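# A look at the structure
Here's the letter readout for the chains.
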Amino acid sequence: MAVWRTLECSCKDLQLLLTLSGGQCFRWHKNEDGEWTGVFAQRIWTLKQTDDNILYQVQYAVTSNAKESKTAKRQKAVESHKKNESRTRNGNSVDDEKILRNYFRLDTPLDELYSKWSEKDPNFKEIAAKFYGVRMLRQHPVENIFSFICSSNNNISRISSMVEKMCLLYGSEVGKKNNQVYYAFPDVDQLADPSVEQDLRKAGFGYRAKFIQKSAAMILSQGGQSWLESLQDKPYEEAKSALMELPGIGAKVADCICLMSLDHLEAIPVDTHVWQISCRYLPHLQKYKSVTERVYNEIGDYFRALYGPYAGWAHTVLFCADLKMFQEKTQVSKRKASKAQGKEEIGAELKRKKGKKMLQEKVTD
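Residues numbered from 1 in each chain as written. Predicted model: local features only at pLDDT ≥ 70, side-chain atom pairs only at ≥ 80, totals over all residues. Heavy atoms only, no water.

## Some thoughts on the overall build of the chain
Of the regular secondary structure elements, the chain holds 17 helices and seven strands. Across the 365 residues that make up the chain, the buried fraction comes to 45%. For the chain, the exposed area adds up to about 19,500 Å²; of that, 50% sits on carbon and sulfur atoms. (Helix = DSSP H or I, 4+ residues; strand = E, 2+ residues; numbered from the N terminus. Buried < 20%, exposed > 50% of the residue type's maximum accessible area, 1.4 Å probe, protein only. Areas by Shrake-Rupley, 256 points an atom, 1.4 Å probe, with all protein chains shown as cover.)

## Re the sheet that holds strand E3 (residues 36-40)
With antiparallel pairing, the five strands of this open sheet are ordered in space as E1-E5-E4-E3-E2. Looking at the sheet topology across the chains shown, the edges are occupied by strand E1 (5-8) and strand E2 (29-30). Here E1 runs beside strand E5 (residues 53-60); their pairing, made up of four bridges, is antiparallel. Within E5, the position partnered with Thr6 by the bridge is Leu55. Most of the contacts of helix H3 (residues 94-103) go to strand E4 (residues 43-49), to which it runs at about 70 degrees, and overall it touches E1, E3, E4 and E5. (Pairing = 2+ DSSP bridges. Contact = heavy atoms within 4.5 Å. Axes fitted to C-alpha atoms, helices over the stretch in contact; angles between N-to-C directions.)

## Some points on the environment of Gln198
Mapped onto the elements, Gln198 comes out in helix H9 (residues 195-202). Accessibility expressed as a relative area gives 46% for Gln198, which makes it partly exposed. Sequence separation of Gln198 and Ala209 is 11 residues, and the distance between their C-alpha atoms is 7.4 Å.

## Focus on unusual backbone geometry
Among all residues except glycine, the phi angle is most often negative; among peptide bonds, the trans geometry is most common. Positive phi, normally seen in glycine, also occurs at Ala41, with a value near 55 degrees. For Asp263, which is not glycine, the phi torsion reads 65 degrees and is therefore positive. Mapped onto the secondary structure, Asp263 falls in the loop between helix H13 (251-261) and helix H14 (272-278).

## Side note on the packing of helix H7 (residues 156-170) against H9
Relative to each other, H7 and H9 sit at 130 degrees, their axes nearing to 11 Å. The angle between the axes of H7 and H9 places the two elements in the oblique class. Of the two elements, H7 crosses H9, and the hand of that crossing is right-handed. Here H7 contributes Met166, Leu169 and Tyr170 to the contact with H9, which in turn contributes Val196, Asp199 and Leu200. Of the residues belonging to the contact of H7 with H9, the class tally is five nonpolar, no polar and one charged. (Parallel < 35°, antiparallel > 145°, perpendicular 65-115°, else oblique. Left-handed = near helix turned anticlockwise from the far one by under 90°. Nonpolar A, V, L, I, M, F, W, Y, C, P; charged D, E, K, R; others polar.)

## Considering the pairing of strand E6 (residues 173-177)
Here E6 pairs with strand E7 (residues 180-183) via four bridges, running antiparallel. Each bridged residue has a counterpart across the sheet, and for Lys176 the counterpart in E7 is Val181. Linkage of E6 to E7, two consecutive antiparallel strands, is achieved through a turn of two residues, within which Asn178 is found at a positive phi near 50 degrees.

## A short note on the packing of aromatic side chains
As enumerated under the stated definition, the model contains 18 aromatic pairs in all. Aromatic ring contacts, followed pair by pair, group Tyr114, Trp117, Phe124, Tyr281, Tyr302, Phe303 and Tyr307 into a single cluster. Lys12 extends its terminal NZ or CZ atom over the ring of Tyr132, reaching a point 4.1 Å from the ring centre. In this arrangement the basic side chain of Lys48 is found over the ring face of Trp4, its NZ or CZ atom lying 4.3 Å from the centre. (Phe/Tyr/Trp six-rings, centres within 6.5 Å; stacked < 30°, edge-to-face > 60°. Lys NZ or Arg CZ within 6 Å of the ring centre and 35° of its normal.)

## As for helix H16 (residues 311-322)
In this model H16 runs 17 Å from its N-terminal to its C-terminal C-alpha over 12 residues, within 8% of the 16 Å that 1.5 Å per residue would give. Within H16, 12 of the 12 residues are buried, which leaves the element mostly enclosed by the surrounding structure. Within the span of H16, buried status applies to Ala311, Gly312, Trp313, Ala314, His315, Thr316, Val317, Leu318, Phe319, Cys320, Ala321 and Asp322. (Expected span 1.5 Å × (residues − 1).)

## A look at the environment of Val196
With respect to the element layout, Val196 can be found in helix H9. Look past the residues within four positions of Val196 in its chain and what remains in contact with it is Tyr170, Gln190, Leu191 and Gln213.

## Quick look at the nonpolar core
Formed by 101 residues in total, the largest nonpolar core has its most connected members in Leu47, Phe104, Phe146, Leu243 and Tyr307. With eight residues, the single largest contributor to this core is H16. The contact partners of Phe146, leaving out residues within four places of it in the chain, are Met166, Phe185, Val188, Leu191, Ile212, Ser215, Ala216 and Ile219. (Core = buried A, V, L, I, M, F, W, Y, C linked by side-chain atoms within 4.5 Å.)

## With respect to empty space enclosed by the protein
Applying the stated rule across the entire model yields one cavity of 30 Å³ or more. Here the largest cavity defines a volume of roughly 40 Å³. Residue lining of the largest cavity: Arg27, His29, Thr37, Gly38, Val39, Glu164, Gln180 and Tyr182, and that is the complete set. Considering each element in turn, the lining of the largest cavity owes the most residues, three residues, to E3. Here the lining of the largest cavity is built from residues that sort into two nonpolar, four polar and two charged. (1 Å grid on protein atoms, 1.4 Å probe; cavity = no way out; pocket = protein on both sides within 12 Å on 5 of 7 lines; lining within 4 Å. Points joined across faces, edges and corners; volume = space filled by probe spheres on them.)

## Here's the deal with the state of the cysteines
Tallied over the full model, the rule gives zero disulfides. As a non-bridged cysteine, Cys11 has Cys9 as the owner of its nearest cysteine sulfur, 8.8 Å distant. Cys258 takes part in no disulfide bond, and the closest cysteine sulfur, belonging to Cys256, lies 9.5 Å away. The class for Cys258 is buried, based on a relative accessible area of 0%. (Disulfide = S-S within 2.5 Å.)

As structure tokens, this is what we get:
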């Protein structure tokens, strides 16, 4: 059985609920025990949050290619098992903790950013008290790109389903946990095969199937993974423009990729939801019926001027705060707190009355 390891990190510095279910990624699932399970870096991760720590378990990939022979798979499974036993005996794996810290960008002091954003924006200051610990994930560009191609005219539940189908069809098996088989996200060359479009159409991807296959083929022609990595070193606008050359990627999806996997944290993805948030800051935008290119750029430039080089991160906090599911959560928490406070006040009043009655009885005696 996998051991629980401990990563010191307060819930103020990282809140798993807001970070993992706010629309940045689509492969994390929470069970009834409050444990989050997801796949990245060829590992199955299970996370659990306390006030002061993130507890985590790691299960390592048993294969690197879904098309390997059964003999090769068995051999790798044996080797992987020995490797896991060794790592378990030695306690915390330095590599695993580094990967996890990198994924959540824990090297970035979030309290300092929240303080700076709160100083510049009273609205953010009010929101920060409830929506603390929202972090930008540092995702793998390939997974980020093809997940967000699936996001076009879609909801989180259906995007998650499509992403899992891609992994099942083309990804390598990572392992099995709680009777469920987990797969890695496929490499770009696996998605570039001409047969992919037809397969994905049969799987219910619709017009997105063509965009996925064509974009994968174009990325390969540009240099594959090395080309994607080179976009991290380019200026934000240049990286965004390069991404928009890929089929199925417009300004909003390009900004999502820049922000979530290419370290361009000033990128602000603008959709109808974000436009509605922006109207509270820029009321004149209400006269527009849709998000035109001019409106899109004005919104991005405004928030970059307001929040600075981490503007996309700050705006992600505003986005989470505006999501209905999180608003309902905070309302429930508020009602519970109010109810608890009410019980305390009633208890104190009963205690006071009881004390007063005892005193009166004593005086009478």
